[in-house]
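Next come the chains, spelled out residue by residue.
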Amino acid sequence: MNGSSKRKAQNSIPKSPLTPPFAKGGCGGIFVIFLLTFAMPLSANPPPLPTFPPLEFHPPQPQRVVLDNGLVIFLLEDHELPLIRLYTVYRAGSQYDSPAKLGLSGIFGEVLSEGGSQSHTPEEIEKSLDRAAAEIQFSVSLENGGGSMRCRTADFDQIFGLFTDLFLHPQFRKDFVELSKVKSLEALRRMNDDPAEVARREFRGVIYGKDHPYARIPSPTTLDRIKRDDLLAMHTYYLHPNSTLIAVSGDFQSTAMIAKLKQAFGSWPRMEVTLPSVAPVNAASQRALYYIQRPINQSQIRIGHLGLERHNPDHFAWEVFNELWGGSGTSLLFRTVRTQQGLAYSVGSGFSEPAQKGLIVAVSQTRGSQTIAAVQSMLAITREASAAPFTPKEINEAKEAIRNRFIENYTSSAQIATEVMSNEYFGFPKDYLDTYTQKIAQVTGDDLRRAAKTYLHPDESTILIMGDLSTFEKPMSTLGKPQEIKLIDYAQEAP
C-alpha cells in the first residue's frame, strides 16, 4: 500500500458485528447441545424459549472540552489497543460551491490531504505516513468538511504534527491541484458506467432540479475554472476553531491529550462566518414518469418523492415504517416483489434526511422483460403499505431489528466519540444515543399510520426507469406519459 492510499481512510467508521460490553440484555453465551445416539427421545411439547429483558444502550460518554477560541473537543480513552484515532468536522460543504466552480469542494478535500503543507512537502509527508503505517485524509461532503487520522500511540506526536500542519497551513501545491482536476475530469467521463449510480443521480436531478445543490454535478468547464487561489480562499473562509469540532479516541491520557490539543490549536484565532444560503427545496405535487434508454440487461427502477428533513419529530416512526415497507429482507416490498412474485433481483426502500427535505424512495433492479410488472407491483404494494397494515408482531420485530442494528453500529470508542461529535455538529440532542432505542421502542401502530398518511404518496410519486425499452414486456405508456432523459456523456468529449 503506498502513502497516498494510506491517507485515504474513510470518514465513516467501519461497522463491527460484535456486541459491545455496554449493551445490556441479550444472551451471554453460546450453548451447544450434543444429541447422542443413546439419548432419550425429545418431548413432543418442548419447553418455552427463554425470554430476555429489552436490550438497552448506554455507551460511555466522551469528555467534552471547549477551548477559549471556541474549538470543541471530545475525548474517549480506550487502552485496549495502542492506537489513536482523531476525527474532525467543520462548517463547510459542497452545497456552498459557486455554480461557476462546481467541484471545488471535492478538489479542496483531496489537495488538502495530498498537496503538502507550508513546512512539509507532499513527498515528505507520504514517506512519514508509510514508515509509521499511519493515515491522514481530508474531504468535503454535501453539508460538512471533515478530516481523520489514525496512528499507533507511539507515533502520535509525529503524525498529529503532520495532521495539524496540513489542516492549518496547507500548501495546496499547484501541480497537485492540476492533478486533482484531471482525476475529477476522468470521474466525469466515467460517471455513466455504473447503472445504479446513474439512476440515483438522475432521480435526484428530476426531484430537486439539476441546479439545486442537492443534485447538481460539476462539468469540465466548472472544473477548469478552479485555481489554487480558490482553494486558499476556501480554507481562509471556512476553517476556524469556533466552527470546528474534534473527536479523539484510543490509547492516551486525557489530561496530556488536552494539553497537546491546546498547544496545537489554542492560538488559532476565532472568526465568525456567514455561510452562503442554500436554495429552498420545492416539492412536486403530481406523478411524473421518466425513462433513460440504455442497452443494459437489467433495468434500474426508482419510485419516490420528497420526504423528511433532519430533526423531523416523526423520524422514529418513519424509520420503523421504512423497515416494514422495504427496509429489510422481511419487508413487504421484499417479500412480495422478490420472494413471492419473482419480479426483481433486488428491491427495497430508503430515505434521506438532510437539512431540507430529503428523499423517500423505493428501489429495484430487474430484468428488462419484467420492468413494467415490477413497477406496477411496487406501486401497488406502496399503496397497501400507506395504510400501515402491519401486525403488532411485525411491528415489534421491526423495532427490535432496528434497535439491535443501531447498537451494533457503535462497538468501538472511535465510533462512539465520532458519533457524539457528529450529533452535536448537526444539532441533535446530547442524549440522542442514550434515548434512541427507547424512542424506537415507543413507536406504535398509530404512529406508523400517521407517518404513512403524512409522508407516503404513491400516487404523487416520480418514477424513473433506466433500461433497454426494446426488452420491456409492455410499452412505457402503460404507466403514464413518459419523458425521456438524455444523459450527458462527457466521455464523448474526451480528446
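Q: How would you sum up unusual backbone geometry? Please name residues and give values.
A: Despite not being glycine, Ala133 has its phi angle at roughly 50°, a positive value. Within the secondary structure, Ala133 is located in the loop between α3 (122-132) and β6 (135-140). In this structure Ala133 comes out as partly exposed when scored by relative accessible area, which is 43%. Residue Phe172 is not a glycine yet carries a positive backbone phi of 50°. Examined against the element boundaries, Phe172 turns out to sit in the loop between α4 (156-168) and α5 (174-189). Phe172 gets classed as buried once you look at its relative accessible area, which sits at 0%.

Q: Got a sec to walk through the environment of Val363? Specific residues and values, please.
A: Considering the arrangement of structural elements, one finds Val363 in strand β12 (residues 359-367). Residue classification places Val363 among the partly exposed positions, given a relative accessible area of 28%. Taking the C-alpha atoms as reference, Val363 lies 8.7 Å from Gly304; in sequence the two are 59 residues apart. Residue contacts for Val363: discarding those within four places in its chain leaves Ile301, Arg302, Ser346, Val347, Gly348 and Met378.

Q: Summarise the nonpolar core; cite the residues concerned and give the values.
A: Counting residues in each nonpolar core, the largest one holds 64 residues, and the members touching the most others are Trp318, Phe321, Trp325, Phe390 and Leu448. Setting aside chain neighbours within four positions, we find Trp318 in contact with Leu308, Trp325, Phe351, Ile360, Ala451, Ala452, Tyr455 and Leu456.

Q: Would you mind going over the sheet that holds strand β14 (residues 482-484) in detail, with residue names and values included?
A: Strand order in the open sheet made by the six strands is β11-β12-β10-β13-β9-β14, with mixed pairing throughout. Whereas interior strands pair on both sides, the edge strands pair on one side only; in this sheet they are β11 (346-351) and β14. The average angle at which neighbouring strand axes cross in this sheet is 20°, direction not considered. In this structure, strand β9 (residues 288-293) lies alongside β14, joined through three bridges in parallel fashion.

Q: Describe the sheet that holds strand β3 (residues 63-66), listing the residues and the values that go with them.
A: Here six strands make up an open sheet; going across it, the order is β3-β4-β8-β5-β7-β6 and the pairing mixed. The open sheet is flanked by β3 and β6, the only strands paired with a single partner. Geometrically, the sheet is characterised by an average inter-axis angle of 15° between neighbouring strands, direction not taken into account. Across the sheet, helix α2 (residues 104-114) lies against β5 (83-90) and β6, angled at about 165° from β6, the strand it touches most.

Q: Before we move on, can you summarise the pattern of salt bridges with the specific residues and values?
A: This model, assessed by the stated rule, comprises 26 salt bridges. A salt bridge links Lys260 to Asp157, with the nearest nitrogen and oxygen atoms 2.8 Å apart. With Lys260 in helix α9 (residues 254-265) and Asp157 in helix α4, this pair connects stretches of sequence that are 103 residues apart. The class for Lys260 is partly exposed, based on a relative accessible area of 32%. Exposure remark for Asp157: the relative accessible area of 51% places this residue in the exposed category. Taking the shortest distance from any N to any O, the salt bridge between Arg383 and Asp459 comes out at 2.9 Å. Of this pair, Arg383 sits in helix α12 (residues 371-385) while Asp459 sits in the loop between α16 (445-455) and β13 (462-467); the two residues are 76 residues apart in sequence, bridging distant segments of the chain. In this structure, a network of salt bridges that share partners links the residues Glu123, Arg173 and Asp175.

Q: An account of the side chain of Ser377 is requested, with residue identities and associated values reported.
A: Looking at the element boundaries, Ser377 is found in helix α12. Contact partners of Ser377, with chain neighbours within four places excluded, come to Val337, Gln341 and Leu343.

Q: Give a detailed account of the pairing of β9, specifying residues and quantitative values.
A: Counted residue by residue, β9 has five buried out of six residues, so it is predominantly covered. Where β9 lies against β13, six bridges are found, and the strand directions are parallel. Looking at the pairing, Gln293 lines up with Gly467 of β13.

Q: Account for the packing of aromatic side chains, with residues named and values stated.
A: According to the stated counting rule, one finds 24 aromatic pairs in the structure shown. Taking the centre distance of 5.7 Å and the plane angle of 5° together, the rings of Phe138 and Phe167 count as stacked. Separated by 29 residues along the polypeptide, Phe138 in strand β6 and Phe167 in helix α4 bring together distant segments of the chain. Classification of Phe138 as buried rests on a relative accessible area of 2%. Grouping aromatic residues by their ring pairs yields a cluster made of Tyr90, Phe138, Phe156, Phe160, Phe163, Phe167, Phe265 and Trp268. Sitting above the plane of the Tyr425 ring, Arg91 keeps its charged end 3.9 Å from the centroid.

Q: So what about the environment of Ala247? Which residues, and what values?
A: Among the secondary structure elements, Ala247 is positioned in strand β8 (residues 244-250). For Ala247, a relative accessible area of 2% puts it in the buried group. For the pair Ala247 and Ser422, spaced 175 residues apart in sequence, the C-alpha separation works out to 9.2 Å. Excluding anything up to four places from it in sequence, Ala247 contacts Phe74, Arg85, Leu86, Tyr87, Ala417, Thr418 and Met421.

Q: Outline the side chain of Thr164, listing residues and values.
A: Following the sequence through the fold, Thr164 ends up in helix α4. By relative accessible area, Thr164 is classed as buried at 11%. Thr164 has contacts with His169, Ala264 and Phe265, leaving out every residue within four places of it along the chain.

Q: A description of the pairing of β3 should follow, citing residues and the corresponding values.
A: As judged from the four bridges shared by β3 and strand β4 (residues 72-77), these two strands associate in the antiparallel manner. When the sheet's bridge partners are listed, Val65 is paired in β4 with Ile73.

Rules used throughout
Residues numbered from 1 in each chain as written. Predicted model: local features only at pLDDT ≥ 70, side-chain atom pairs only at ≥ 80, totals over all residues. Heavy atoms only, no water. Helix = DSSP H or I, 4+ residues; strand = E, 2+ residues; numbered from the N terminus. Buried < 20%, exposed > 50% of the residue type's maximum accessible area, 1.4 Å probe, protein only. Contact = heavy atoms within 4.5 Å. Core = buried A, V, L, I, M, F, W, Y, C linked by side-chain atoms within 4.5 Å. Pairing = 2+ DSSP bridges. Axes fitted to C-alpha atoms, helices over the stretch in contact; angles between N-to-C directions. Salt bridge = Lys/Arg side-chain N within 4 Å of Asp/Glu carboxyl O. Phe/Tyr/Trp six-rings, centres within 6.5 Å; stacked < 30°, edge-to-face > 60°. Lys NZ or Arg CZ within 6 Å of the ring centre and 35° of its normal.

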